[in-house]
Amino acid sequence: MGVNYDGILVIGDPHAGRVGPVSRASGYGVEVLRKLSYAAWLSREWRLLPLITGDLLNRGDGETSVGYLTELMKILKTFYGGCVRTVGGNHDYGQGEVAQGSAYELLLVGDGVRQHSGGYMEDVEVAGKRLRLGYYGHGEDLPREVDAQGVEEVWLLTHHDLAFGEAYPGCMELFEIKGVSRVINGHMHGVKLPQQRGMTQWLNLGNITRRERRDELQCPNVWVWPKKDWEWKEE
């Protein structure tokens, strides 16, 4: 029997790891686990489908702490439905693909993570609405049109450099994707103002983790759809 979802929970790039970036203080790894645990509780409380926007690990091919990975795997299994869905991020892949024997591969062979990329599509029932979710990992070409037959909306989960009003070298201009009502992007960390291109709304919702000094003023958050009266943000 399938899982009944009352909404969607989007969690931006956790960058989990026992040892954090050099710009972060000690205790970084434990703090990421704490935030994911809270997000898991929220997903259970409101029966939300959990989506991660990529970069589940800070070093997908370099995390070596078995104890830390074990704790992370335990937490991922506590999300509503028993697992999270994620799209492939650049920190997950290392050299552009999942490395054999890597920490990220270990997570994927467990039951707590389903990672999709390459335009993989799945239909899910959420809040009484039939949605088609599509997944495009870091560096993968995005479509110009997606088949929306048989569903009410199509959403894409991406991990790309996008021009949210702040164009820079190598970023992709936003455009309408026929058939797609919403694109939710990770990778860029900061919260960006929503952008509309034709029928397609582009969102960059920020991170659950402050990874670098430049993120100091960012408020770690999660995003819930449909909108609830209460939203968790870190104090």
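Numbers given to residues run from 1 along each chain, matching the order in which its sequence is written. Where local features are concerned, this predicted model is filtered to residues with pLDDT of at least 70; where side-chain atom pairs are given and counted, the filter is 80 or more; whole-chain, interface and lining totals use all residues. Hydrogens and water are ignored here; the side-chain numbers use all heavy atoms of the structure.

Sorry, what's going on with the overall build of the protein here?
Only DSSP runs of H or I with at least four residues qualify as helices, and only runs of E with at least two residues qualify as strands; both kinds are numbered from the N terminus onward. Secondary structure assignment for the protein yields 4 helices and 11 strands. Long-range contacts, defined here as pairs at least 24 residues apart, represent 65% of the contacts in the protein between residues at least 6 apart. Here the open area of atoms and residues is found with the Shrake-Rupley method and a 1.4 Å probe, where only the protein chains shown may cover a residue. For the protein, the accessible area works out to roughly 11200 Å², and carbon and sulfur atoms hold 47% of it. Contact definition: two residues touch when any of their heavy atoms are within 4.5 Å.

How should the sheet that holds strand β11 (residues 222-225) be read in this particular structure?
Hydrogen bonds along the backbone pair up the strands of a sheet, which may run parallel or antiparallel. Across the sheet, which stays open at both edges, the 5 strands sit in the order β4-β3-β2-β1-β11 with mixed pairing between neighbours. For this open sheet the edge positions go to β4 (113-116) and β11, each flanked by a neighbour on one side alone. Each neighbouring strand pair of the sheet contributes to a mean axis angle of 25°, computed without reference to strand direction. Looking at chain direction, strand β3 (residues 84-87) and β4 are connected through 4 bridges and run parallel. Each bridged residue has a counterpart across the sheet, and for V87 the counterpart in β4 is H116. Against the sheet, helix α1 (residues 28-46) contacts β1 (7-11), β2 (48-52) and β11, and its axis sits at roughly 175° relative to β1. Think of it this way: DSSP has to see at least two bridges between two strands before they count as a pair. In this analysis an axis means a line fitted to C-alpha atoms, helices contributing only their contacting stretch, and an angle means the value between N-to-C directions, from 0 to 180 degrees.

Please clarify how the pattern of salt bridges should be interpreted in this entry.
If the charged atoms of two oppositely charged side chains come close together, the side chains can form a pair. Think of a salt bridge as a Lys or Arg side-chain nitrogen and an Asp or Glu carboxyl oxygen that are within 4 Å of each other. Applying the stated criterion to the full structure yields 7 salt bridges. A salt bridge links R85 to E122; the nearest nitrogen and oxygen atoms lie 2.6 Å apart. Taken together, the positions of R85 in strand β3 and E122 in strand β5 (residues 120-126) put the pair 37 residues apart, joining distant regions of the chain. Summarising the burial analysis for this pair, R85 and E122 share the class buried. A salt bridge links E153 to K129, with the shortest nitrogen-to-oxygen separation between them at 2.9 Å. Residue E153 is found in strand β7 (residues 153-158), and its partner K129 is found in strand β6 (residues 129-136); the two are separated by 24 residues along the sequence. Each residue's exposure class comes from its accessible area (1.4 Å probe, protein chains only) as a fraction of the maximum for that residue type: buried when under 20%, exposed when over 50%, partly exposed otherwise.

Could you clarify how one ought to interpret the sheet that holds strand β9 (residues 191-197) in this entry?
Taken in spatial order, the 6 strands make up an open sheet running β5-β6-β7-β8-β10-β9, and their pairing is mixed. The open sheet terminates on both sides in strands that have one partner only, identified here as β5 and β9. Shown here is a sheet whose adjacent strand axes are inclined to one another by a mean of 20°, direction ignored. Where β9 and strand β10 (residues 200-205) come together, 5 bridges link them in antiparallel fashion. Following the sheet pairing, R197 is matched in β10 by T200.

Help me understand α1, please; the structure alone is not making it clear to me.
One turn of an α-helix holds 3.6 residues; hence residues three or four places apart share an orientation. To estimate how far a helix should extend, the number of its residues minus one is multiplied by 1.5 Å. With 19 residues, α1 extends 27 Å from end C-alpha to end C-alpha; this agrees with the ideal 27 Å at 1.5 Å per step. Those residues of α1 that fall on the buried side of the exposure criterion are Y28, G29, V32, L33, K35, L36, A39, A40, L42 and S43. Looking one or two residues past α1, R47 carries a phi angle of roughly 55°, positive in sign.

When you look at the nonpolar core in this model, what are you seeing that I'm missing?
Note on soluble globular proteins: their nonpolar side chains tend to be buried together. Among the nonpolar cores identified, the biggest contains 28 residues, and L9, I11, L57, L72 and F79 are the most heavily contacted of them. Contributions of two or more residues to this core are made by β1, α1, β2, α2 (66-76), α4 (103-109) and β11. Looking at which element gives the most residues to this core, the answer is α1, with 7 residues. Residues in contact with I11, not counting those within four places in the same chain, are L36, A39, L51, I52, T53, F79, I208 and V222. Y80, V126, I184 and L203 belong to the second-largest nonpolar core, a separate cluster that totals 19 residues. Residues enter a nonpolar core if they are buried and are Ala, Val, Leu, Ile, Met, Phe, Trp, Tyr or Cys, with the set joined through side-chain atoms within 4.5 Å.

It is not clear to me how the packing of aromatic side chains should be interpreted in this structure. Could you clarify?
Aromatic rings considered in pairs are described by the distance between their centres and by the relative angle of their planes. A pair of Phe, Tyr and Trp rings is counted when the ring centres sit within 6.5 Å of each other, with Trp represented by its six-membered ring. The angle between the planes then sorts it: under 30 degrees is stacked, over 60 is edge-to-face, the rest tilted. Applying the stated criterion across every chain, the model contains 6 aromatic pairs. Look at Y5 and Y80: their rings are 5.7 Å apart centre to centre, the planes differ by 85°, and that puts the pair in the edge-to-face class. With a gap of 75 residues between them, Y5 in the segment before β1 and Y80 in the loop between α2 and β3 connect regions that are remote in the sequence. Here the aromatic rings of W155 and W223 are separated by 6.3 Å at their centres, their planes lie at 50°, and the arrangement is tilted. Placement of W155 in strand β7 and of W223 in strand β11 is noted, with a sequence separation of 68 residues between them. W223 shares its class with W155; the two are buried. Taken together, the aromatic side chains of W155, W223 and W225 make up a single cluster linked through ring pairs. Think of it as a cone above the ring: NZ of Lys or CZ of Arg counts as a charge over the ring if it is within 6 Å of the ring centre and within 35 degrees of the ring normal. Just above the ring of F175 sits the side chain of R144; from NZ or CZ to the centre is 3.9 Å.

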